[in-house]
Amino acid sequence: MYKTMKELNLPLTLSSIKVSTYSSEHELATCYPDQSFFDSRSDFLVDFRQSALAVLLNFINKRALEDDNAPGIRRLISVALIDVDESEKVASTTFRINIRRGEINEVVRVDLPFAYCNIETFHTYKVEVRDCKSGVLLGEKSFHLFSEIENGKHIADMITPMYGGVSEFGSRCLCKAFDACAPGFYELHFRFSSEIRDFHNRMPEIETRIYYPNGEVDVRFVIPSVEYEDGNEYIIKIPVFNASSQRGICYAEFLCLDFPIAGFVFSTASDAIPGSWSGSEMIYLDEYSLENACERFRNLTLSAEDESESSPEPDYDAMSDDEFDQLLHKFISDELGIEEEDASDDENIYYDSDSFSAGIESDMVSEEDMPYFELLDDDEWQHSVVCLFITPKND
C-alpha cells in the first residue's frame, strides 16, 4: 500500500499539470518546452493527424521555500497516461527531476505517444505523476477528447448564442453597461443552445476571454451548466473581479475547442444600460482591439433620441404635388383606420391640390365638422398645417 506524501515528507511537490495534444506537423513537435502552448484546459479537439500528448510539469523544492541555500533534489519520476474507462495504461515514461541547490522550482515537459488510431474519444483519460521510489501520487489530471469527424461539422456550427450581459454580483438583472464598484465583483452571463449530444454526458468546456481596456486579458475554462434536465440550453455565469485599472469598455469572447462562437462588449464605468445582447450583437470580433470594441459599443448603444435626430425631416417644399398627395393620403387613411387593400372603390379618398374640398367626399364629413373645414389657396396650402375632424361614413 502506497504511503501518503505527508507521511514520507517528500522534499518536492507538484504544483501544476498541463497537457496538450499535438500532431507531427504542430510546433510542439519541434519546439521544447514551448510553454505558450499550454493552459488549464481539459478538453481537446483531435483529428486523424493526432500523434502525441505533451505533459508540462512544474515541481517545487519545498525546502528552498524556507532556506535560500537548501540542497538540490534528484529523484526519479514516472508519468503514465491511463484510459479511465478501460482502467488501462496507454503509455508511460520515467525521467529524473534535477532541481539545483537554492532553486525553488523546475519545469519539465515529457511526451507520450498518443496516436489517433488508438484513441477512444468517448473515454475519459488521465495523466498520473508518481515518485518512483515511494510510489506516492504527486498529482493527476483528467481530460477528454472530441472528434470533429464524429460530430459531422464544426463545433462552432453546433452552438447558437442566445444572450449575454453583465450584472452586479448576485443580481439577476442584466446590463449592457453599469458603473461597477472598484475594487469589487460583478458577474458575466452567457446563454446558448447546442446540438452536441452524448459527449461524456456534458458539454465541452467554454473558454472565456475578457479583454480589459488596460490591455490585460482574463482567460477561464468553464464547464457550462445545463438549464433544464435533458434540455439543449446551457448557461455560464462567471464572477469577475473589477480592479480600478480595468474599468471601462471591455470585450468578452467565448470559444469552444478553439472555435470562437460569440462575443459582446460591455462597460463597467458608465451610466446603467439595462438589458442583454442577442442576435447579431453577439457576433464575435474578427480581431480584438480596444478601438474596435469602443466602436462597436458606441454603434450599439445609440439612444433612440440620437437615432431620431440623425433621421432628416421630410422637405415638404421640395416635394412634388404627387409626392405630397401620397403623403396626405397615407395620413388621412391612418386616421380613419382605412387599409388600402380592404377599402372599396366608393370608400377611397381622392385628393387634388387645386381644390382641397374635392379631396373628401361630402357624405364622409358631418355637418358639425364642416365649420372646421377651410379652403386654402395654393400658396397657403403648401405652408400650412390643417387639422381635420372627420367622421367615417356609416353604411
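Note: the structure precedes this text.
In this text the structure is predicted, and so the values were computed from the model without any measurement.

Asker: Run through empty space enclosed by the protein, naming residues and quoting values.
Answerer: Inspection of every chain in the model, using the stated rule, returns 2 cavities of 30 Å³ or more. Roughly 50 Å³ of volume is contained in the second largest cavity. Among the elements of the structure, β12 (206-211) and β16 (249-256) are those that each provide at least two residues to the lining of the second largest cavity. Class assignment for the residues of the lining of the second largest cavity results in 5 nonpolar, no polar and 5 charged.

Asker: Tell me about the pattern of salt bridges, and name the residues and values.
Answerer: On inspection of all chains with the given rule, the structure shows 16 salt bridges. A salt bridge links D111 to R109; the shortest N-O distance between them is 2.8 Å. Classification of R109 by relative accessible area gives buried; the value is 6%. Taking the shortest distance from any N to any O, the salt bridge between R191 and E233 comes out at 2.4 Å. Of this pair, R191 sits in strand β11 (residues 184-194) while E233 is found in strand β15 (residues 233-242), placing the two residues 42 residues apart along the sequence. Residues participating in the shared-partner salt-bridge network are D39, R41, E207, R209, E253 and D258.

Asker: So, the pairing of strand β17 (residues 259-267): which residues are in play, and what are the values?
Answerer: Summarising burial for β17: 7 of the 9 residues are buried, a large majority. The pairing of β16 with β17 spans 8 bridges and is antiparallel. Among the inter-strand pairings, F254 is bridged to a residue of β17, identified as A262. Where β16 folds back onto β17 in an antiparallel hairpin, the turn is made up of 2 residues, including L257, whose phi is positive at roughly 50°.

Asker: Could you give an account of unusual backbone geometry, with specific residues and numbers?
Answerer: Most of the time, phi is negative for any residue but glycine, and the peptide bond is trans. Omega for the bond connecting Y32 with P33 falls within 30 degrees of zero, at -10°, which places this linkage in the cis form. Structurally, P33 is set in the loop between β1 (12-23) and β2 (43-46). Cis geometry marks the peptide bond from A182 to P183, where omega comes out at 0°. Among the structural elements, P183 can be located in the loop between β10 (175-179) and β11. Phi angles above zero are rare outside glycine, and D34 is one such case at about 55°. Residue placement: D34 occurs in the loop between β1 and β2. Even without being a glycine, D258 presents a positive backbone phi close to 75°.

Rules used in this analysis
Residues numbered from 1 in each chain as written. Predicted model: local features only at pLDDT ≥ 70, side-chain atom pairs only at ≥ 80, totals over all residues. Heavy atoms only, no water. 1 Å grid on protein atoms, 1.4 Å probe; cavity = no way out; pocket = protein on both sides within 12 Å on 5 of 7 lines; lining within 4 Å. Points joined across faces, edges and corners; volume = space filled by probe spheres on them. Helix = DSSP H or I, 4+ residues; strand = E, 2+ residues; numbered from the N terminus. Nonpolar A, V, L, I, M, F, W, Y, C, P; charged D, E, K, R; others polar. Salt bridge = Lys/Arg side-chain N within 4 Å of Asp/Glu carboxyl O. Buried < 20%, exposed > 50% of the residue type's maximum accessible area, 1.4 Å probe, protein only. Pairing = 2+ DSSP bridges.

These results come straight from atomic positions and should not be treated as a statement about function.
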